[in-house]
Amino acid sequence: MSHALLAIDIPDLTPYLPGIIFGTLAAISILASILAATAPKIVHAAFGLMAAFFGIAGLYAMLGADFVALAQVVVYVGGILVLLVFGILLTGRTRYALGLEREPSAKWPIFAGGLFFFGILLAIHGSEFNVVTDPAEPAATTPVIGRAFLDPNQYLIPFELASVLLLAALVGAAYLARRRRST
Amino acid sequence: MTFADIHLTGLLPTATVGLTGYLVVAAAVFSAGLVTVMARRNAVAILIGIELMLNAANLNLVAFDRFGPLEVNGQLFALFILAIAAAEAAVALAIVLNVFDARDRIDVDQIDALKG
């Protein structure tokens, strides 16, 4: 597919599209999580976290995990991130946020994190994974996931336990977070 | 001279992205979360780091689900982690708000009432 427009041959990018999309999503995820790790203002860190959530949701979609990608956006961006921002805004008056004291140097944590990253890279490089190099085209996963969750021979009991855990955690959180009257 | 002559496409990432690419992204996101947990003093910022690390683990699960013989089990595990992360964030923020009410600060190096 080469256009003769302006006598420039535009190369056919179609076979490279997955690589380009993956590269973009990977860059968004990594840069946003670095922003979340290093932004001086914690609200900026929360925005970095949001971008990282979206980038990772895109990677899930590329991996053919459509339901997990949507759940990621709904639960993480719509739920957990909103909770975190509430937490940030309700507890804003800290020493560091008020500029009363400088945040301690992040030099050693960054060094340790970089070391850890290269350790994982070495481990990935040195591992033999039992993988399919050219997996089949992804199909819709939602029906499969739904059946697996409600099949007594598969994940019915863990699924119900997770529901009870969520209910207990949210009731407990509501109980803990209510404001005490004069003590 | 045309674009094709410069071999522009040779500079682009390869067409098929394998498991390793996803594992490297997950490793980078996990390391960023680790740095966040270690470097920050604000309890909510530490929660942000924990969420990053959980996301990286989830990315690994889904990637192995795609390229390995897991069928759909990797995605199911990722969904369980999602539910537990939601529960954890809710409880942790309730605790943070409570501590802030009681002590007026949430920098974890200042919350040392139980220190022996």
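Up top is the structure.
So, here is what we can say about the structure in this document. None of these values were measured; they are calculated from a predicted model.

1. Structural notes on the overall build of chain B
Helices and strands together make up the secondary structure of chain B, namely 3 helices and 0 strands. Going residue by residue from the N terminus, the α and β elements of chain B occur as α-α-α. Here the analysis covers contacts within chain B between residues at least 6 apart in sequence; of these, 54% occur between residues at least 24 apart. Counting only carbon and sulfur atoms, one obtains 65% of the accessible surface of chain B, whose full area is about 4,900 Å².

2. A short note on the side chain of N42 of chain B
Relative to the helices and strands, N42 of chain B resides in the loop between α1 (19-39) and α2 (43-67). Polar side-chain contacts of N42 of chain B include one of 2.9 Å to the backbone nitrogen of V44 of chain B.

3. Considerations on the packing of aromatic side chains
Taken as a whole, this structure holds 10 aromatic pairs over all chains when the rule is applied. A centroid spacing of 6.1 Å and a plane angle of 45° characterise the contact between Y22 of chain B and F67 of chain B, whose relative ring orientation is tilted. Taken as a pair, Y22 of chain B in helix α1 and F67 of chain B in helix α2 lie far apart in primary sequence, 45 residues in all. Like Y22 of chain B, the residue F67 of chain B is buried in the burial classification. The structure contains a cluster of three or more aromatic residues connected by ring pairs, namely F149, Y155 and F159 of chain A together with F77 and F80 of chain B.

4. What about the interface of chain A and chain B?
Facing the 89 residues of chain A at the interface are 78 residues of chain B. Approximately 7,300 Å² of surface area, both sides summed, lies buried where chain A meets chain B, with 75% of it carried by carbon and sulfur atoms. One can count 7 residue pairs in polar contact (both at pLDDT 80 or more) joining chain A with chain B. Of all the elements in the fold, those that place two or more residues in the side of chain A that touches chain B are α1 (17-38), α2 (42-62), α3 (66-90), α4 (107-125), α5 (142-150) and α6 (156-177) of chain A. It is α1 of chain A that contributes the most residues to the side of chain A that touches chain B, 13 residues altogether. For the side of chain A that touches chain B, the per-class residue count stands at 70 nonpolar, 12 polar and 7 charged.

5. A closer look at the packing of α1 of chain A against α1 of chain B
Viewed as axis vectors pointing N to C, α1 of chain A and α1 of chain B meet at an angle of 10°, and their least axial separation amounts to 8 Å. Judged by the angle between their axes, α1 of chain A and α1 of chain B are roughly parallel. On α1 of chain B, the residues that touch F22, A26, S29, I30, S33, I34, A36 and A37 of chain A of α1 of chain A are G21, Y22, V25, A28, V29, A32, V35 and T36 of chain B. Split by residue class, the contact of α1 of chain A with α1 of chain B holds 12 nonpolar, 4 polar and no charged.

Quick notes on the rules
Residues numbered from 1 in each chain as written. Chains lettered and ligands numbered in written order. Predicted model: local features only at pLDDT ≥ 70, side-chain atom pairs only at ≥ 80, totals over all residues. Heavy atoms only, no water. Helix = DSSP H or I, 4+ residues; strand = E, 2+ residues; numbered from the N terminus. Contact = heavy atoms within 4.5 Å. Areas by Shrake-Rupley, 256 points an atom, 1.4 Å probe, with all protein chains shown as cover. Polar contact = N/O pair within 3.5 Å; in protein donor to acceptor, adjacent residues only side chain to side chain. Phe/Tyr/Trp six-rings, centres within 6.5 Å; stacked < 30°, edge-to-face > 60°. Buried < 20%, exposed > 50% of the residue type's maximum accessible area, 1.4 Å probe, protein only. Buried area = accessible area lost by both parts, 1.4 Å probe. Nonpolar A, V, L, I, M, F, W, Y, C, P; charged D, E, K, R; others polar. Axes fitted to C-alpha atoms, helices over the stretch in contact; angles between N-to-C directions. Parallel < 35°, antiparallel > 145°, perpendicular 65-115°, else oblique.

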